[in-house]
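Breakdown of the fold
Residues per chain are reported as follows:
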Amino acid sequence: MASNLKVSEEKSVPKSVQEMSMNGDEPPSQYLVKGNSFGSVMDSSILIPIPIIDVSLLSSECELEKLRSALSSVGCFQAIGHGMSDSFLDKVREVAKHFFALPEEEKQKYARAVNESEGYGNDRIVSEKQVLDWSYRLTLHVLPKAKRRLFLWPKDPSDFSETLEEFTTTVKSMMDHLLRSMARSLNLEEGSFLDQFGGQSLMMARFNFYPRCSRPDLVLGVKPHTDRSGITVLLQDKEVEGLQVLVDDKWINVPTIPEALLVNIGDQMQIMSNGIFKSILHRVVTNTENLRMSVAMFNEPEPENEIGPVESLTDETRPRLYRNVKNYGVINYKCYQEGKIALETVKIADTSHHK
Ligand SMILES: O=C(O)CCC(=O)C(=O)O
Ligand SMILES: [Fe+2]
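Residues numbered from 1 in each chain as written. Chains lettered and ligands numbered in written order. Predicted model: local features only at pLDDT ≥ 70, side-chain atom pairs only at ≥ 80, totals over all residues. Heavy atoms only, no water.

As annotated in an unreviewed UniProt entry, the protein chain carries the name Fe2OG dioxygenase domain-containing protein and is attributed to Clitoria ternatea.

In structure tokens form, the structure reads like this:
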């Protein structure tokens, strides 16, 4: 079998995750995390808790300091006080679950085309060695509005589009508020980060769905990665946990708090903050009992904008760590294909030891 594997998409995976989870199949070798890199599954969340921040209080110095400290240590926090009601967050979860519960042929109407990133489907396959994720997803560009490909937005449930529209608008204003607050927390001008995103910044919505898996000891829902975004806002499943972040070489469970949204730093904010804010490695584990879903909203600068470390965050004690970059999304995808870490490729080489 293995010798017949081609790098061409779709051919390499004979059965979909959807089908295998329904049949209760043993995951095939392409899904197994190799060697002993799975990591400890010990729950260290008691030792290193994920901070909870009330985003309506970010005008206070105390909450602002909590923000700075969270983003420069674990790179994420649970946001409360964001103004979205519990019933609205439930509605977003409901429309996502409704769509994923549709018969496969219905969902295939929105299928991701080969070599496209938008639409419904499984992992995009870029290499034979790739370990595949035990998940399926629906990815949609939501901002700027002109980039929307509405034929990929589900018609069933009938309130999918209006719900996503409302979620987008609210998350966008929350993100703008956060970007201003992040700048203030470092004693910068409010617009230092936000202005780099530009008036036509991009936002992508990714609805993730993780079916039950018979081998959670060997198979991941999403393998370890950092987000390429500026920042990410994640609506987690109301009950089922699965997300873990790597802190001090330990995988920490991110608890589900039904009314909270998890905010995490992506690579592009790590660049703009000259490495002060951490784009943290995270992954999703599988389980044998329960389906899990999540909705991730990624915000990133206009691709043609040149972004780089804010000047006043660089000095002799903290030299500039990254060069200016455009189109980080493209750099990131190329690195992913080549098995490289994108952030490393935009780092300025440390020449101090060679002098
Ligand atoms: O499902 C989750 O909790 C996280 C998903 C994620 O990391 C992503 O979509 O980038
Ligand atoms: Fe992620």
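Overview of the pairing of strand E2 (residues 76-80)
Where burial is concerned, most of E2 is hidden: four out of the five residues are buried. Handedness of the β-α-β unit built from strand E1 (residues 52-54), helix H2 (residues 61-73) and E2 comes out right-handed. Sheet topology note: the E2/strand E10 (residues 261-265) ladder contains four bridges and is antiparallel. If you follow Cys76 over to E10, its bridge partner there is Asn264. (Buried < 20%, exposed > 50% of the residue type's maximum accessible area, 1.4 Å probe, protein only. Helix = DSSP H or I, 4+ residues; strand = E, 2+ residues; numbered from the N terminus. Right-handed = clockwise from strand over helix to strand, strands pointing away. Pairing = 2+ DSSP bridges.)

With respect to the UniProt feature "domain: Fe2OG dioxygenase" (unreviewed entry) in the protein chain
Look at the UniProt record and you will see "domain: Fe2OG dioxygenase" (unreviewed entry) annotated at residues 201-301. Each end of residues 201-301 is marked by a C-alpha atom, and these two atoms are 5 Å apart; helix forms 6% of the span and strand 48%. (UniProt positions renumbered as here; feature names shortened; annotations may be inferred.)

Things to note about the sheet that holds E2
Here we have eight strands laid out as an open sheet, ordered E1-E2-E10-E7-E12-E5-E4-E3, and mixed in their pairing. Bordering the open sheet on either side are E1 and strand E3 (119-121), each of which pairs with just one other strand. Direction aside, neighbouring strands of the sheet carry axes that sit 25° apart on average. Sheet strands touched by H2: E1, E2 and E10. Its angle to E1, the strand with the most contacts, is close to 145°. (Axes fitted to C-alpha atoms, helices over the stretch in contact; angles between N-to-C directions. Contact = heavy atoms within 4.5 Å.)

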